[in-house]
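A structural walkthrough
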Amino acid sequence: MVSLENDRFLRALMCEPVDRTPLWMMRQAGRYLPEYRATRAEAGSFMGLCTNPELACEVTLQPLRRYAMDAAILFSDILTVPDALGLGLYFSEGEGPRFERPLSSAAEIDALDPERAASELDYVMDAVALIRKELKGSVPLIGFAGSPWTLATYMVEGGSSKDFAKVKSLAFNEPAVMHQLLGKLAKSVAVYLAEQVRCGAQALQIFDTWGGSLSHAAYREFSLRYMTEIIEQLPREAEGRRVPVIVFTKGGGQWLETIADCGADAVGLDWTTDIGEARARVGDRVCLQGNMDPTLLNASPERIRAEVDQILSSFGAGSGHIFNLGHGVTPGIDPDHVAAMVDAVVELSPAYH
Ligand code: CP3
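In this text the structure is predicted, and so the values were computed from the model without any measurement.

Moving on, we get to the overall build of the protein. Within the protein, the regular secondary structure consists of 16 helices and 11 strands. Taken against the 2.2 N^0.38 rule, which gives 20 Å for 353 residues, the C-alpha radius of gyration of the protein at 19 Å falls within 12% of a compact globule. Once local pairs closer than 6 in sequence are excluded, the contacts in the protein between residues at least 24 apart make up 73%. Total accessible area on the protein is roughly 13400 Å²; 49% of this is exposed by carbon and sulfur atoms. Charge separation in the protein, taken as the distance between the mean sites of 32 positive and 47 negative side-chain charges, equals 0 Å.

Near the ligand there are 22 residues, and of these Arg27, Arg31, Tyr36, Asp77 and His327 occur at the shortest range. Measuring from an oxygen atom of the ligand, one finds a backbone N or O atom of arginine 27 at 2.6 Å. Take arginine 31: an N or O atom from its side chain is 2.2 Å from an oxygen atom of the ligand. Protein contacts shield 88% of the accessible area of the ligand, which totals 880 Å² for the unbound molecule. Residue classes in the shell around the ligand are distributed as 14 nonpolar, four polar and four charged. Counting residues domain by domain, the shell around the ligand receives three or more from each of domain 1 (9-28 + 257-353) and domain 2 (45-66 + 71-235).

Further remarks concern the sheet that holds strand β9 (residues 266-268). The seven strands are arranged β1-β4-β5-β8-β9-β10-β11 in an open sheet whose pairing can be described as parallel. The outermost strands of the open sheet, each flanked by one partner alone, are β1 (72-73) and β11 (321-325). Pairing geometry for strand β8 (residues 245-249) and β9, over three bridges, is parallel. Within the sheet, the bridge partner assigned to valine 247 lies in β9 and is valine 267. Sitting on the sheet, helix α14 (residues 275-282) touches β10 (287-292) and β11, and the angle it makes with β10 is about 165°.

To continue, consider the nonpolar core. Taken as a class, soluble globular proteins show a tendency for nonpolar side chains to be buried jointly. Core analysis: the biggest nonpolar cluster contains 135 residues, and Phe9, Met155, Met178, Leu181, Met292, Leu297 and Met341 have the highest contact counts within it. Per-element accounting of this core gives the leading share, 12 residues, to helix α11 (residues 175-199). Here this core spans two domains, and each of domain 1 (9-28 + 257-353) and domain 2 (45-66 + 71-235) adds at least three residues to it. When neighbours within four sequence positions are excluded, phenylalanine 9 is seen to be in contact with Pro22, Trp24, Asp70, Ala71, Pro140, Ile142, Ala203, Ile246, Gln289 and Ile322.

Here we take up the domain arrangement of the protein. Per the domain assignment, the segments making up the protein are domain 1 (9-28 + 257-353) and domain 2 (45-66 + 71-235). Centre-to-centre separation of domain 1 and domain 2, based on C-alpha positions: 24 Å. Taken together, the 15 residues of domain 1 in the interface contact 18 residues of domain 2. Each partner contributes to the roughly 1400 Å² buried at the junction of domain 1 and domain 2, and carbon and sulfur atoms together form 70% of this total. Of all residues in domain 1, Trp24, Gln28 and Cys262 bury the most surface against domain 2, accounting for 39% of the area lost on that side. The interface formed by domain 1 and domain 2 includes zero salt bridges. Run the count over domain 1 and domain 2 and you get two residue pairs in polar contact (both at pLDDT 80 or more). Looking at the side of domain 1 that touches domain 2, the elements that each hand over two or more residues are α1 (8-13) and α13 (256-259). No other element matches α1, which puts three residues into the side of domain 1 that touches domain 2. For the side of domain 1 that touches domain 2, the per-class residue count stands at 10 nonpolar, five polar and no charged.

Turning next to the packing of aromatic side chains. The tally for this structure, following the rule as stated, stands at eight aromatic pairs. Judged by centre distance (5.7 Å) and plane angle (50°), the rings of tyrosine 36 and phenylalanine 75 are tilted. With tyrosine 36 in helix α2 (residues 34-43) and phenylalanine 75 in the loop between β1 and α5 (80-87), the pair connects residues that are 39 residues apart, well separated along the chain. Among the aromatic residues, those joined into a ring-pair cluster are Tyr36, Phe46, Phe75 and Phe91. Of note, arginine 279 hangs over the ring of phenylalanine 315, and the distance from its end group to the ring centre comes to 3.9 Å.

For glutamine 28, the location among the structural elements is in the loop between α1 and α2. Looking at glutamine 28, the relative accessible area reads 1%, which means it is buried. Ignoring sequence-local partners within four residues, the contact set of glutamine 28 consists of Leu33, Pro63, Leu64, Met69, Ala71, Ala72, Ile73 and Val329.

Another aspect to go through is the pattern of salt bridges. Applying the stated criterion to the full structure yields 20 salt bridges. A salt bridge links glutamate 95 to arginine 98; the nearest nitrogen and oxygen atoms lie 3.7 Å apart. Between arginine 236 and aspartate 265 there is a salt bridge, with its nearest N and O atoms 2.7 Å apart. Remark: aspartate 265 occurs in the loop between α13 and β9 and arginine 236 occurs in the loop between α12 (216-233) and β6 (237-238); sequence separation between them is 29 residues. Taken together, the shared-partner salt bridges in this structure form one network comprising Arg8, Asp19, Arg20 and Asp70.

What counts, and at which threshold
- Residues numbered from 1 in each chain as written.
- Predicted model: local features only at pLDDT ≥ 70, side-chain atom pairs only at ≥ 80, totals over all residues.
- Heavy atoms only, no water.
- Helix = DSSP H or I, 4+ residues; strand = E, 2+ residues; numbered from the N terminus.
- Rg over C-alpha atoms; globule rule 2.2 N^0.38 Å.
- Contact = heavy atoms within 4.5 Å.
- Areas by Shrake-Rupley, 256 points an atom, 1.4 Å probe, with all protein chains shown as cover.
- Lys, Arg positive; Asp, Glu negative; His and termini not counted.
- Charge placed at Lys NZ, Arg CZ, Asp CG, Glu CD.
- Near = heavy atom within 4 Å.
- Polar contact = N/O pair within 3.5 Å; in protein donor to acceptor, adjacent residues only side chain to side chain.
- Nonpolar A, V, L, I, M, F, W, Y, C, P; charged D, E, K, R; others polar.
- Domains from an automatic or database assignment.
- Pairing = 2+ DSSP bridges.
- Axes fitted to C-alpha atoms, helices over the stretch in contact; angles between N-to-C directions.
- Core = buried A, V, L, I, M, F, W, Y, C linked by side-chain atoms within 4.5 Å.
- Buried < 20%, exposed > 50% of the residue type's maximum accessible area, 1.4 Å probe, protein only.
- Buried area = accessible area lost by both parts, 1.4 Å probe.
- Salt bridge = Lys/Arg side-chain N within 4 Å of Asp/Glu carboxyl O.
- Phe/Tyr/Trp six-rings, centres within 6.5 Å; stacked < 30°, edge-to-face > 60°.
- Lys NZ or Arg CZ within 6 Å of the ring centre and 35° of its normal.

This is how it looks when you write it as C-alpha coordinates:
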(Lines give C-alpha, C1' and ligand atoms only; values in the text may rest on other atoms or scores of the structure.)
Protein backbone atom coordinates (compact mmCIF):
# COMPACT_ATOMS: atom_id res chain seq x y z
CA MET A 1 0.00 0.00 0.00
CA VAL A 2 1.21 3.50 -0.82
CA SER A 3 2.56 5.29 2.26
CA LEU A 4 1.26 8.75 3.06
CA GLU A 5 2.25 11.01 5.93
CA ASN A 6 -1.29 12.36 6.13
CA ASP A 7 -4.10 10.14 4.86
CA ARG A 8 -7.04 11.53 6.87
CA PHE A 9 -8.66 12.77 3.64
CA LEU A 10 -8.64 9.25 2.13
CA ARG A 11 -9.72 7.72 5.45
CA ALA A 12 -12.67 10.10 5.84
CA LEU A 13 -13.75 9.30 2.27
CA MET A 14 -14.14 5.69 3.39
CA CYS A 15 -15.79 6.84 6.67
CA GLU A 16 -12.84 5.38 8.62
CA PRO A 17 -11.81 6.96 11.96
CA VAL A 18 -9.73 10.16 11.82
CA ASP A 19 -8.15 12.42 14.47
CA ARG A 20 -9.81 15.54 13.05
CA THR A 21 -12.01 16.51 10.12
CA PRO A 22 -9.90 16.74 6.95
CA LEU A 23 -10.21 19.78 4.72
CA TRP A 24 -9.35 21.19 1.34
CA MET A 25 -10.94 24.00 -0.62
CA MET A 26 -12.38 23.95 -4.14
CA ARG A 27 -10.27 26.30 -6.30
CA GLN A 28 -7.66 26.41 -3.54
CA ALA A 29 -5.03 27.38 -6.11
CA GLY A 30 -6.21 30.60 -7.69
CA ARG A 31 -6.39 34.33 -7.94
CA TYR A 32 -6.99 35.09 -4.24
CA LEU A 33 -3.29 34.17 -3.72
CA PRO A 34 -0.67 36.77 -4.74
CA GLU A 35 1.83 33.98 -5.47
CA TYR A 36 -0.69 32.45 -7.91
CA ARG A 37 -1.08 35.77 -9.71
CA ALA A 38 2.72 36.04 -9.98
CA THR A 39 3.08 32.54 -11.48
CA ARG A 40 0.16 33.17 -13.83
CA ALA A 41 1.85 36.39 -15.01
CA GLU A 42 5.02 34.38 -15.63
CA ALA A 43 3.00 31.88 -17.69
CA GLY A 44 1.43 34.70 -19.70
CA SER A 45 -2.08 33.23 -19.74
CA PHE A 46 -4.28 30.79 -17.90
CA MET A 47 -3.87 28.12 -20.60
CA GLY A 48 -0.13 28.79 -20.61
CA LEU A 49 -0.19 27.89 -16.93
CA CYS A 50 -2.29 24.74 -17.45
CA THR A 51 -0.09 23.45 -20.26
CA ASN A 52 3.21 23.96 -18.41
CA PRO A 53 3.62 21.02 -15.97
CA GLU A 54 6.28 22.77 -13.84
CA LEU A 55 4.14 25.89 -13.37
CA ALA A 56 0.94 23.86 -12.88
CA CYS A 57 2.80 21.89 -10.20
CA GLU A 58 4.03 25.09 -8.56
CA VAL A 59 0.53 26.59 -8.24
CA THR A 60 -0.89 23.27 -7.00
CA LEU A 61 1.60 23.35 -4.13
CA GLN A 62 1.19 27.05 -3.26
CA PRO A 63 -1.90 26.72 -1.02
CA LEU A 64 -0.29 23.75 0.78
CA ARG A 65 2.65 25.96 1.79
CA ARG A 66 0.27 28.41 3.47
CA TYR A 67 -2.45 26.20 4.92
CA ALA A 68 -2.94 22.82 6.63
CA MET A 69 -4.86 21.39 3.67
CA ASP A 70 -5.27 17.61 3.77
CA ALA A 71 -5.26 17.17 -0.02
CA ALA A 72 -3.79 18.76 -3.12
CA ILE A 73 -5.92 19.21 -6.24
CA LEU A 74 -4.39 19.06 -9.68
CA PHE A 75 -4.17 22.52 -11.20
CA SER A 76 -5.99 22.41 -14.51
CA ASP A 77 -9.50 23.16 -15.74
CA ILE A 78 -12.57 21.11 -16.63
CA LEU A 79 -12.62 22.73 -20.08
CA THR A 80 -9.34 21.18 -21.22
CA VAL A 81 -11.41 18.16 -22.32
CA PRO A 82 -13.59 20.08 -24.83
CA ASP A 83 -10.44 21.92 -25.91
CA ALA A 84 -8.80 18.56 -26.66
CA LEU A 85 -11.92 17.55 -28.58
CA GLY A 86 -11.15 20.44 -30.95
CA LEU A 87 -13.37 23.32 -29.76
CA GLY A 88 -10.55 25.84 -29.21
CA LEU A 89 -10.72 27.10 -25.61
CA TYR A 90 -9.71 30.65 -24.80
CA PHE A 91 -10.24 33.00 -21.88
CA SER A 92 -11.25 36.54 -22.61
CA GLU A 93 -10.78 39.21 -19.93
CA GLY A 94 -13.92 39.72 -17.85
CA GLU A 95 -15.91 37.21 -19.90
CA GLY A 96 -14.64 33.88 -18.62
CA PRO A 97 -14.07 30.84 -20.80
CA ARG A 98 -15.07 30.85 -24.50
CA PHE A 99 -14.85 28.40 -27.39
CA GLU A 100 -13.75 29.38 -30.88
CA ARG A 101 -15.84 26.56 -32.36
CA PRO A 102 -18.88 25.86 -30.17
CA LEU A 103 -21.04 22.92 -31.21
CA SER A 104 -23.83 24.13 -33.45
CA SER A 105 -25.06 21.08 -35.37
CA ALA A 106 -25.76 17.38 -35.05
CA ALA A 107 -23.07 16.74 -37.69
CA GLU A 108 -20.43 18.43 -35.50
CA ILE A 109 -21.45 16.28 -32.55
CA ASP A 110 -21.35 13.17 -34.73
CA ALA A 111 -17.82 14.06 -35.83
CA LEU A 112 -16.40 14.36 -32.27
CA ASP A 113 -13.82 11.69 -31.49
CA PRO A 114 -13.94 10.85 -27.75
CA GLU A 115 -10.50 9.19 -27.90
CA ARG A 116 -8.89 12.54 -28.65
CA ALA A 117 -9.47 13.77 -25.12
CA ALA A 118 -6.92 11.43 -23.62
CA SER A 119 -4.41 11.53 -26.47
CA GLU A 120 -4.28 15.37 -26.54
CA LEU A 121 -3.94 15.85 -22.80
CA ASP A 122 -0.42 14.62 -22.13
CA TYR A 123 0.38 17.95 -20.50
CA VAL A 124 -2.18 17.18 -17.77
CA MET A 125 -0.71 13.72 -17.21
CA ASP A 126 2.80 15.19 -16.98
CA ALA A 127 1.51 17.64 -14.36
CA VAL A 128 -0.17 14.84 -12.37
CA ALA A 129 3.03 12.78 -12.32
CA LEU A 130 5.19 15.76 -11.38
CA ILE A 131 2.84 16.94 -8.60
CA ARG A 132 2.73 13.41 -7.15
CA LYS A 133 6.52 13.34 -7.11
CA GLU A 134 6.82 16.80 -5.53
CA LEU A 135 4.21 16.05 -2.86
CA LYS A 136 6.66 13.41 -1.59
CA GLY A 137 3.89 11.43 0.10
CA SER A 138 2.77 14.37 2.28
CA VAL A 139 -0.94 14.50 1.30
CA PRO A 140 -2.99 12.76 -1.40
CA LEU A 141 -3.55 14.23 -4.87
CA ILE A 142 -7.08 14.75 -6.21
CA GLY A 143 -7.63 14.42 -9.96
CA PHE A 144 -10.80 15.83 -11.51
CA ALA A 145 -12.99 16.37 -14.54
CA GLY A 146 -16.26 18.08 -15.38
CA SER A 147 -19.48 16.11 -15.65
CA PRO A 148 -20.70 15.47 -19.20
CA TRP A 149 -23.71 17.77 -18.67
CA THR A 150 -21.59 20.64 -17.31
CA LEU A 151 -19.07 20.28 -20.16
CA ALA A 152 -21.93 20.17 -22.69
CA THR A 153 -23.35 23.46 -21.37
CA TYR A 154 -20.09 25.25 -22.24
CA MET A 155 -19.65 23.40 -25.53
CA VAL A 156 -23.12 24.21 -26.84
CA GLU A 157 -23.50 27.71 -25.35
CA GLY A 158 -19.95 28.64 -26.43
CA GLY A 159 -19.08 29.80 -22.90
CA SER A 160 -20.77 30.59 -19.60
CA SER A 161 -24.54 31.02 -19.66
CA LYS A 162 -27.27 32.37 -17.42
CA ASP A 163 -30.25 30.41 -18.71
CA PHE A 164 -28.74 27.50 -20.71
CA ALA A 165 -31.26 28.18 -23.47
CA LYS A 166 -29.27 26.58 -26.31
CA VAL A 167 -28.17 23.44 -24.50
CA LYS A 168 -31.63 22.89 -23.04
CA SER A 169 -33.24 23.33 -26.47
CA LEU A 170 -30.93 20.66 -27.76
CA ALA A 171 -31.80 18.36 -24.83
CA PHE A 172 -35.54 18.85 -25.15
CA ASN A 173 -35.90 19.11 -28.96
CA GLU A 174 -33.24 16.66 -30.09
CA PRO A 175 -32.73 14.27 -27.17
CA ALA A 176 -31.01 11.63 -29.33
CA VAL A 177 -28.35 14.14 -30.40
CA MET A 178 -27.91 15.33 -26.82
CA HIS A 179 -27.49 11.74 -25.63
CA GLN A 180 -24.93 11.13 -28.34
CA LEU A 181 -22.94 14.13 -27.12
CA LEU A 182 -23.22 13.15 -23.44
CA GLY A 183 -22.26 9.54 -24.23
CA LYS A 184 -19.14 10.71 -26.03
CA LEU A 185 -18.24 13.06 -23.19
CA ALA A 186 -18.74 10.27 -20.64
CA LYS A 187 -16.32 8.11 -22.63
CA SER A 188 -13.76 10.94 -22.85
CA VAL A 189 -14.01 11.76 -19.16
CA ALA A 190 -13.78 8.10 -18.08
CA VAL A 191 -10.61 7.57 -20.12
CA TYR A 192 -9.18 10.90 -18.97
CA LEU A 193 -9.80 10.19 -15.26
CA ALA A 194 -8.46 6.63 -15.53
CA GLU A 195 -5.31 8.07 -17.08
CA GLN A 196 -4.98 10.56 -14.19
CA VAL A 197 -5.14 7.62 -11.77
CA ARG A 198 -2.51 5.75 -13.77
CA CYS A 199 -0.24 8.82 -13.51
CA GLY A 200 -0.73 9.22 -9.75
CA ALA A 201 -4.10 10.74 -8.79
CA GLN A 202 -5.31 9.15 -5.52
CA ALA A 203 -8.92 10.38 -5.44
CA LEU A 204 -11.19 11.85 -8.09
CA GLN A 205 -13.83 14.55 -8.12
CA ILE A 206 -16.45 15.07 -10.82
CA PHE A 207 -17.58 18.72 -10.94
CA ASP A 208 -21.22 18.96 -11.97
CA THR A 209 -21.48 22.72 -11.59
CA TRP A 210 -24.63 23.07 -13.69
CA GLY A 211 -26.56 19.87 -12.88
CA GLY A 212 -28.69 21.96 -10.52
CA SER A 213 -30.08 23.94 -13.46
CA LEU A 214 -32.11 20.90 -14.53
CA SER A 215 -35.53 19.67 -13.40
CA HIS A 216 -35.65 16.54 -11.29
CA ALA A 217 -36.32 14.19 -14.23
CA ALA A 218 -33.93 15.99 -16.59
CA TYR A 219 -31.15 15.84 -13.96
CA ARG A 220 -31.40 12.07 -13.87
CA GLU A 221 -31.64 11.76 -17.64
CA PHE A 222 -28.95 14.21 -18.72
CA SER A 223 -26.54 14.51 -15.80
CA LEU A 224 -26.62 11.79 -13.15
CA ARG A 225 -26.92 8.94 -15.66
CA TYR A 226 -23.64 9.90 -17.33
CA MET A 227 -21.75 10.41 -14.07
CA THR A 228 -22.90 6.93 -13.09
CA GLU A 229 -21.60 5.59 -16.43
CA ILE A 230 -18.22 7.22 -15.82
CA ILE A 231 -17.92 5.84 -12.29
CA GLU A 232 -18.73 2.33 -13.55
CA GLN A 233 -15.73 2.53 -15.89
CA LEU A 234 -13.16 3.91 -13.43
CA PRO A 235 -10.37 1.94 -11.79
CA ARG A 236 -11.34 1.93 -8.11
CA GLU A 237 -8.02 0.76 -6.75
CA ALA A 238 -4.43 1.84 -7.36
CA GLU A 239 -1.19 1.23 -5.48
CA GLY A 240 -3.06 -1.15 -3.15
CA ARG A 241 -5.58 1.44 -2.03
CA ARG A 242 -9.12 2.47 -2.96
CA VAL A 243 -9.34 5.46 -5.32
CA PRO A 244 -12.45 7.20 -3.97
CA VAL A 245 -14.74 9.26 -6.19
CA ILE A 246 -16.52 12.46 -5.09
CA VAL A 247 -19.51 13.74 -7.05
CA PHE A 248 -20.37 17.42 -6.63
CA THR A 249 -23.62 18.66 -8.14
CA LYS A 250 -24.09 22.31 -7.27
CA GLY A 251 -27.76 22.73 -6.45
CA GLY A 252 -28.21 18.97 -6.01
CA GLY A 253 -29.26 19.01 -2.34
CA GLN A 254 -32.81 17.94 -3.06
CA TRP A 255 -31.61 14.85 -4.95
CA LEU A 256 -29.12 13.54 -2.37
CA GLU A 257 -30.65 10.09 -2.10
CA THR A 258 -30.37 9.43 -5.84
CA ILE A 259 -26.90 10.98 -6.04
CA ALA A 260 -25.74 8.78 -3.16
CA ASP A 261 -26.72 5.75 -5.27
CA CYS A 262 -24.56 6.65 -8.30
CA GLY A 263 -21.55 4.65 -7.14
CA ALA A 264 -19.56 7.56 -5.69
CA ASP A 265 -17.85 7.27 -2.30
CA ALA A 266 -18.64 10.87 -1.38
CA VAL A 267 -21.16 13.55 -2.27
CA GLY A 268 -20.22 17.24 -2.33
CA LEU A 269 -22.78 19.67 -0.90
CA ASP A 270 -23.26 23.32 -1.69
CA TRP A 271 -24.17 25.65 1.18
CA THR A 272 -27.95 25.56 0.69
CA THR A 273 -28.31 22.14 2.36
CA ASP A 274 -27.88 21.62 6.10
CA ILE A 275 -25.09 19.07 6.42
CA GLY A 276 -26.66 17.45 9.50
CA GLU A 277 -29.88 16.84 7.61
CA ALA A 278 -27.90 15.54 4.64
CA ARG A 279 -26.12 13.12 6.97
CA ALA A 280 -29.44 11.87 8.33
CA ARG A 281 -30.59 11.26 4.75
CA VAL A 282 -27.54 9.57 3.22
CA GLY A 283 -24.64 9.59 5.72
CA ASP A 284 -24.73 5.83 6.23
CA ARG A 285 -24.02 5.31 2.53
CA VAL A 286 -21.50 8.01 1.55
CA CYS A 287 -19.06 10.52 2.95
CA LEU A 288 -20.20 14.17 2.74
CA GLN A 289 -18.01 17.05 1.59
CA GLY A 290 -18.73 20.70 2.26
CA ASN A 291 -20.28 23.06 2.76
CA MET A 292 -19.47 26.63 3.86
CA ASP A 293 -20.87 29.44 1.72
CA PRO A 294 -17.75 30.80 -0.08
CA THR A 295 -18.94 34.39 0.42
CA LEU A 296 -18.58 33.87 4.18
CA LEU A 297 -14.85 34.26 3.58
CA ASN A 298 -15.63 37.98 3.22
CA ALA A 299 -16.91 38.07 6.80
CA SER A 300 -14.75 38.68 9.88
CA PRO A 301 -12.46 35.89 11.14
CA GLU A 302 -14.75 35.59 14.21
CA ARG A 303 -17.81 35.10 12.01
CA ILE A 304 -15.92 32.56 9.84
CA ARG A 305 -14.97 30.61 12.97
CA ALA A 306 -18.56 30.60 14.16
CA GLU A 307 -19.70 29.25 10.78
CA VAL A 308 -17.09 26.48 10.82
CA ASP A 309 -18.25 25.58 14.34
CA GLN A 310 -21.86 25.46 13.18
CA ILE A 311 -21.08 23.16 10.22
CA LEU A 312 -18.94 20.82 12.33
CA SER A 313 -21.59 20.56 15.03
CA SER A 314 -24.37 20.09 12.49
CA PHE A 315 -22.51 17.11 10.99
CA GLY A 316 -21.81 15.88 14.53
CA ALA A 317 -19.49 13.21 15.88
CA GLY A 318 -17.72 10.61 13.79
CA SER A 319 -15.99 10.24 10.45
CA GLY A 320 -17.42 10.70 6.97
CA HIS A 321 -17.11 14.49 6.70
CA ILE A 322 -14.58 16.41 4.61
CA PHE A 323 -14.70 20.11 5.31
CA ASN A 324 -14.81 22.28 2.17
CA LEU A 325 -16.58 25.29 0.76
CA GLY A 326 -19.93 24.80 -0.97
CA HIS A 327 -18.34 26.06 -4.22
CA GLY A 328 -14.97 27.45 -5.30
CA VAL A 329 -13.18 30.28 -3.49
CA THR A 330 -13.55 33.57 -5.38
CA PRO A 331 -10.75 35.93 -6.49
CA GLY A 332 -11.21 38.83 -4.03
CA ILE A 333 -10.85 36.83 -0.81
CA ASP A 334 -8.24 37.85 1.79
CA PRO A 335 -5.81 34.89 2.25
CA ASP A 336 -5.88 35.58 6.03
CA HIS A 337 -9.58 34.80 6.05
CA VAL A 338 -8.87 31.41 4.47
CA ALA A 339 -6.35 30.91 7.29
CA ALA A 340 -9.12 31.68 9.82
CA MET A 341 -11.29 28.96 8.28
CA VAL A 342 -8.46 26.43 8.21
CA ASP A 343 -7.41 27.18 11.80
CA ALA A 344 -10.99 26.82 12.97
CA VAL A 345 -11.32 23.37 11.36
CA VAL A 346 -7.97 22.26 12.78
CA GLU A 347 -8.76 23.53 16.29
CA LEU A 348 -12.47 22.77 16.62
CA SER A 349 -12.90 19.48 14.78
CA PRO A 350 -10.88 17.07 17.02
CA ALA A 351 -13.73 17.30 19.56
CA TYR A 352 -15.94 15.44 17.09
CA HIS A 353 -13.57 12.46 16.69
O1 CP3 B 1 -9.64 23.64 -7.40
C2 CP3 B 1 -8.52 23.95 -7.86
O3 CP3 B 1 -7.74 24.74 -7.30
C4 CP3 B 1 -8.07 23.28 -9.15
C5 CP3 B 1 -8.15 24.06 -10.33
C6 CP3 B 1 -9.50 24.30 -11.01
C7 CP3 B 1 -9.71 25.43 -11.86
N8 CP3 B 1 -10.93 25.28 -12.44
C9 CP3 B 1 -8.75 26.50 -12.09
C10 CP3 B 1 -9.20 27.76 -12.70
C11 CP3 B 1 -10.66 23.52 -11.04
C12 CP3 B 1 -10.99 22.26 -10.28
C13 CP3 B 1 -11.56 24.15 -11.96
C14 CP3 B 1 -12.88 23.59 -12.29
C15 CP3 B 1 -13.81 24.38 -13.13
N16 CP3 B 1 -13.52 25.18 -14.20
C17 CP3 B 1 -15.22 24.33 -13.01
C18 CP3 B 1 -15.97 23.47 -12.03
C19 CP3 B 1 -15.94 24.02 -10.66
C20 CP3 B 1 -16.66 25.30 -10.45
O21 CP3 B 1 -16.00 26.25 -10.00
O22 CP3 B 1 -17.87 25.36 -10.73
C23 CP3 B 1 -15.76 25.17 -13.99
C24 CP3 B 1 -17.23 25.46 -14.23
C25 CP3 B 1 -14.67 25.70 -14.76
C26 CP3 B 1 -14.75 26.58 -15.95
C27 CP3 B 1 -14.02 27.83 -15.71
N28 CP3 B 1 -12.65 27.95 -15.67
C29 CP3 B 1 -14.58 29.12 -15.50
C30 CP3 B 1 -16.06 29.42 -15.47
C31 CP3 B 1 -13.50 29.99 -15.33
C32 CP3 B 1 -13.54 31.47 -15.16
C33 CP3 B 1 -13.88 31.74 -13.75
C34 CP3 B 1 -13.20 32.97 -13.25
O35 CP3 B 1 -13.17 33.05 -12.02
O36 CP3 B 1 -12.75 33.80 -14.06
C37 CP3 B 1 -12.31 29.24 -15.40
C38 CP3 B 1 -10.94 29.75 -15.24
C39 CP3 B 1 -10.16 29.23 -14.09
N40 CP3 B 1 -10.04 27.91 -13.76
C41 CP3 B 1 -9.36 29.99 -13.20
C42 CP3 B 1 -8.75 29.07 -12.32
C43 CP3 B 1 -7.76 29.36 -11.23
C44 CP3 B 1 -9.16 31.49 -13.24
C45 CP3 B 1 -8.36 31.82 -14.45
C46 CP3 B 1 -7.31 32.88 -14.26
O47 CP3 B 1 -6.32 32.67 -13.53
O48 CP3 B 1 -7.46 33.92 -14.88
